[in-house]
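Fold and geometry: a report
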Amino acid sequence: MKLESKCKNCGKYIEFTENVSDRAELSLEKGENIELFCKKCSTKSCHHPNDINAKKNRVISIIGFLIFVIGTILIYHFIGEFYLEHKEQFEVKRTFLVLENYSEHLQFHL
Ligand SMILES: [Zn+2]
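Residues numbered from 1 in each chain as written. Predicted model: local features only at pLDDT ≥ 70, side-chain atom pairs only at ≥ 80, totals over all residues.

**Let's talk about the UniProt feature "transmembrane region" (unreviewed entry) in the protein**
- Those places that UniProt annotates as "transmembrane region" (unreviewed entry) correspond, in this numbering, to residues 59-79.
- The distance separating the terminal C-alpha atoms of residues 59-79 is 30 Å; by composition the span is 100% helix and 0% strand. (UniProt positions renumbered as here; feature names shortened; annotations may be inferred. Helix = DSSP H or I, 4+ residues; strand = E, 2+ residues; numbered from the N terminus.)

**Notes on the pairing of strand 2 (residues 13-17)**
- Where burial is concerned, little of strand 2 is hidden: 0 out of the 5 residues are buried.
- With 5 bridges joining them, strand 1 (residues 2-6) and strand 2 adopt antiparallel strand pairing. If you follow Lys6 over to strand 2, its bridge partner there is Tyr13.
- Following strand 1, the chain reverses through 6 residues before pairing antiparallel with strand 2; Gly11 in that reversal takes a positive phi of roughly 80 degrees. (Buried ≥ 20, exposed ≤ 12 C-beta atoms within 10 Å, placed from the backbone. Pairing = 2+ DSSP bridges.)

**Focus: the domain arrangement of the protein**
- Partitioning the protein into domains gives domain 1 (2-54) and domain 2 (58-109).
- One C-alpha centre belongs to domain 1, the other to domain 2; they are set 51 Å apart. (Domains from an automatic or database assignment.)

**As for the pairing of strand 1**
- Every second residue of strand 1 is oriented toward a common face, the buried set being Leu3 and Ser5 and the non-buried set Lys2, Glu4 and Lys6.
- Pairing between strand 1 and strand 5 (residues 53-54): 2 bridges, direction antiparallel. Counted as the bridge partner of Leu3 is Ala54 from strand 5.

**So, the confidence of the model for the protein**
- On average, residues of the protein score 86 in pLDDT, and 95% of them reach the 70 mark or higher.
- Looking at the elements of the protein, mean pLDDT is at its lowest for helix 3 (residues 87-109), recorded as 73, and at its highest for strand 3 (residues 34-38), recorded as 94. (pLDDT = per-residue confidence, 0-100.)

**Concerning the sheet that holds strand 5**
- Across the sheet, which stays open at both edges, the 3 strands sit in the order 2-1-5 with antiparallel pairing between neighbours. Here the strands that pair on one side only, and so sit at the sheet edges, are strand 2 and strand 5.

**Considering unusual backbone geometry**
- The backbone of Ser42 shows a phi angle near 55 degrees, a positive value even though the residue is not glycine.
- Tracing the chain through its elements places Ser42 in the loop between strand 3 and strand 4 (43-47).

Here's what the structure looks like:
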């Protein structure tokens, strides 16, 4: 997972990669004080796991969003096509339902 934390000296973001899945695992692995080296100002500083954020992988987010959009379009497309192909069956079924309801209604009154 890509992580980032603000340098306490210059305020720039320090990016680093750690083989953990979340912040809790990070503190278990590295303790309460994580020493990070800032390349911008060449200083080491200690960071608490709470000050460290997971860097979102933008590419994965975009791919996920695209899959979602394409999936939705495809589902609508297939449902629409299925409906058009079976439109008559749908309508026949509906007519039967109406007739059934009507006959029940008649029986009730007779
Ligand atoms: Zn710095």
